[in-house]
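Residue-level structural notes
Listed below, chain by chain, are the residues.
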Amino acid sequence: MIQVNLDVMLAKRKMSSGELAKRVGMTNANISVLKTGKAKAVRFSTLNEICKVLECQPGDLLAYIEE
């Protein structure tokens, strides 16, 4: 299972979901879907923008957890 650690990175950067959504060009609802781990997929272009804004690596946002 892939675990999304977006909430952790937002806390580390002291940034709100709303601010991230605005800076990345996404809706708050889509950021929420990512944060809660309910997303079935994420585009590389979206991941790229999130990493650019949060100044992090994809591995900081995603982790593989054995079920």
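Residues numbered from 1 in each chain as written. Predicted model: local features only at pLDDT ≥ 70, side-chain atom pairs only at ≥ 80, totals over all residues. Heavy atoms only, no water.

For the rest of this paragraph, the subject is the environment of methionine 15. Secondary-structure assignment places methionine 15 in the loop between helix 1 (6-12) and helix 2 (17-24). Under the relative-accessibility criterion, methionine 15 is labelled buried at 11%. C-alpha of methionine 15 to C-alpha of methionine 1: the two residues are 14 residues apart in sequence and 26 Å apart in space. Those residues in contact with methionine 15 that lie beyond four places of it in its chain are Leu10, Leu20, Arg23, Val53 and Leu54. (Helix = DSSP H or I, 4+ residues; strand = E, 2+ residues; numbered from the N terminus. Buried < 20%, exposed > 50% of the residue type's maximum accessible area, 1.4 Å probe, protein only. Contact = heavy atoms within 4.5 Å.)

So, on to the side chain of asparagine 5. With respect to the helices and strands, asparagine 5 occurs in the loop between strand 1 (2-4) and helix 1. Given a relative accessible area of 17%, asparagine 5 falls into the buried group. Each residue touching asparagine 5, except ones within four places of it in the same chain, is listed here: Asp60, Leu61 and Ala63.

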